[in-house]
Amino acid sequence: MVTSVKESFLQNTSQEEQIIYDHLLECVQHQSPEEVIDAFRCLFIKGKDYRDHQVRIALARIINSKIGEQQFNYILNRCCHILVNRWQMQPQYQTAISALSELFEHLAPPTSTYSNTSARLRELVIEFSKTDHYLRLKRLGRVITQGKDTTYVGNLINRYPYLYEHYLLSEDSNFEDQRTVRQLQSKSQQRFELDLSKYVTYKVRQVQVTRKPDLITPNKSIITPIDNPTLLSDRELGMALKQFVGTIEGGYSYRDLSQSFLTHTSQTKDYKTFKDELYHYLITSVDTKYGRHKFNEKLYKRIQTTLPHCDSKKPDEFLVLRTTSQLLNFLVVESGANPNHYIFMDLITNMGATPTVGLLLKVVLLCHKVKPYLEKRFSILFGHYESFTKEGVPWLVKALENMNIAFSVNFGKADLSFLRQMM
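Everything numeric here is computed off the predicted structure, so don't read it as measured data.

I tried to follow the packing of aromatic side chains on my own but got confused; where do I start?
Given two aromatic rings, one states the distance between the centres and the angle between the planes to describe the pair. Under the definition given, this model contains 22 aromatic pairs. Consider the rings of Y160 and F382, whose centres lie 6.3 Å apart with planes at 75°: the pair is edge-to-face. With Y160 in the loop between helix 8 (132-145) and helix 9 (164-168) and F382 in helix 18 (residues 371-384), the pair connects residues that are 222 residues apart, well separated along the chain. Accessibility expressed as a relative area gives 0% for Y160, which makes it buried. By relative accessible area, F382 is classed as buried at 0%.

Below is the structure:
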């Protein structure tokens, strides 16, 4: 059996590595972030004159052991996250995470004044600054500090907790990193759902007062306004809530339609028939004119060519999962290596962000296990456009906001069902 670099690294932590980890943990527990960052800079960036002789010797031994770049990346990444995992739990220290990531910006190559060990360390650190480890460290800093600069798409990440796991973690992320991100995700999701509930309650009260002005007497204060918690206009948010909370087809909600479809297809004899019924289930949410142009034909072909060797089998959970995941590839984006998303952009251009997200929601409601797969599709798009200004890709921002609402209403704890009485 082939052992991965990660597995080998985790199984063979050397004494020298442990000395460094223990030292950084001691520093972050007893020193200010400024002192810790200065120490980190001296140890890894300057690469000389570190005050702790034992730690300096331990690092030198690691460098002189002809360590490979990939293993060094794991070591340095773990060193960074020893500090990050401590700081993220204390709000007053969270800005230190961005300061830590900035240490790796604009690293100059080693000069002739460097010793062989220091020169090799600088080379390894420069390579680390080009890795996904470092990219995810910078992204995590954006989430935790929640900076006010929202010029670029990447700076909006703290708004979309459903992207966190795929955008901030990798297959190499250890347990502590995963726990940190999931804690941030939970807090961010709870905050958004609470803000959304407050906003909806405020708007409902506004409507009630309009209909029955006597609800407010001269002696009572006016209803305190609540800000729209999304980047959508009030009108766009209202449309999204109506779409994802209310009824959309024949007096049925998305959830009603999915349950009806699953009940009906539980008696379907073969997979080919299931695919036919899936196609008809989906196109009822596609604009008729747009669908007839070319989209419906493409959708039908994509569904029918999915796992054709299984056409005579009875559909089961595995087949539904494979079908819906392949469908999301087609509707959103194939992969990070092949980020073609023409269909997705075309859907939004012709139908709008809210109906397009509604179509995706119909897919996920058929198979809840495919939800992380859709989140991954959106994280691929987010990463693809993270350096764009949000004004440059308004369609993406609207899609991200709509998906946040759709997930909160259908999979979160935000109970907005009372809105149906107002629609």
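So, next bit.
Help me understand the environment of Q178, please; the structure alone is not making it clear to me.
Locating Q178 in the fold gives a position in helix 10 (residues 175-211). A relative accessible area of 24% places Q178 in the partly exposed class. In the structure, Q178 is positioned 13 residues away from E165 in sequence and 7.7 Å away in space, judged by C-alpha atoms. Apart from the residues lying within four places of it in its own chain, the contact partners of Q178 are L169 and S173.

Please explain the nonpolar core as it appears in this structure.
Grouped burial of nonpolar side chains is what soluble globular proteins tend to show. If you look at the biggest cluster of nonpolar residues, it comprises 127 residues, and the most contacted ones within it are F40, F104, F295, L331 and F378. The greatest single-element share of this core, amounting to ten residues, is contributed by helix 19 (residues 394-411). If we ignore the near neighbours within four places in the chain, the residues touching L331 are F295, I343, F344, L347, L359, L360 and V363.

What should I look at first to understand the environment of I343 in this one?
Here I343 lies in helix 16 (residues 342-351). You can call I343 buried: its relative accessible area is 13%. Here the alpha-carbon distance between I343 and F175, two residues 168 residues apart in the chain, equals 37 Å. Beyond its immediate stretch of four places on either side in the chain, I343 contacts F295, K298, F330 and L331.

Would you mind showing me how to read the pattern of salt bridges here?
It is possible for side chains bearing opposite charge to pair when their charged atoms get close. Under the counting rule described, the total for this entry stands at 16 salt bridges. We note a salt bridge from R120 to E123, for which the minimum N-O separation is 3.5 Å. Placement of the pair is R120 and E123 together in helix 7 (residues 116-128), with a separation of three residues, close to one helical turn. What makes R120 partly exposed here is its relative accessible area of 27%. The shortest N-O distance in the salt bridge between K390 and E391 comes to 3.7 Å. The exposure class of E391 is exposed, given its relative accessible area of 56%.

I'm lost on the packing of helix 10 against helix 19 in this one. Help?
Any two packed helices are characterised by how steeply their axes cross, that is the angle between the axes, and by the distance between the axes. In the contact formed by helix 10 and helix 19, the axes pass within 11 Å of each other and the chain directions differ by 90°. On the basis of the axis angle, helix 10 is roughly perpendicular to helix 19. Taking contact as the criterion, the partners of Q189, F192 and E193 in helix 10 are, on helix 19, N404, I405 and S408. Residue classes in the contact of helix 10 with helix 19 are distributed as two nonpolar, three polar and one charged.

Definitions and cut-offs
- Residues numbered from 1 in each chain as written.
- Predicted model: local features only at pLDDT ≥ 70, side-chain atom pairs only at ≥ 80, totals over all residues.
- Heavy atoms only, no water.
- Phe/Tyr/Trp six-rings, centres within 6.5 Å; stacked < 30°, edge-to-face > 60°.
- Helix = DSSP H or I, 4+ residues; strand = E, 2+ residues; numbered from the N terminus.
- Buried < 20%, exposed > 50% of the residue type's maximum accessible area, 1.4 Å probe, protein only.
- Contact = heavy atoms within 4.5 Å.
- Core = buried A, V, L, I, M, F, W, Y, C linked by side-chain atoms within 4.5 Å.
- Salt bridge = Lys/Arg side-chain N within 4 Å of Asp/Glu carboxyl O.
- Axes fitted to C-alpha atoms, helices over the stretch in contact; angles between N-to-C directions.
- Parallel < 35°, antiparallel > 145°, perpendicular 65-115°, else oblique.
- Nonpolar A, V, L, I, M, F, W, Y, C, P; charged D, E, K, R; others polar.

Geometric values such as these leave the question of function open.
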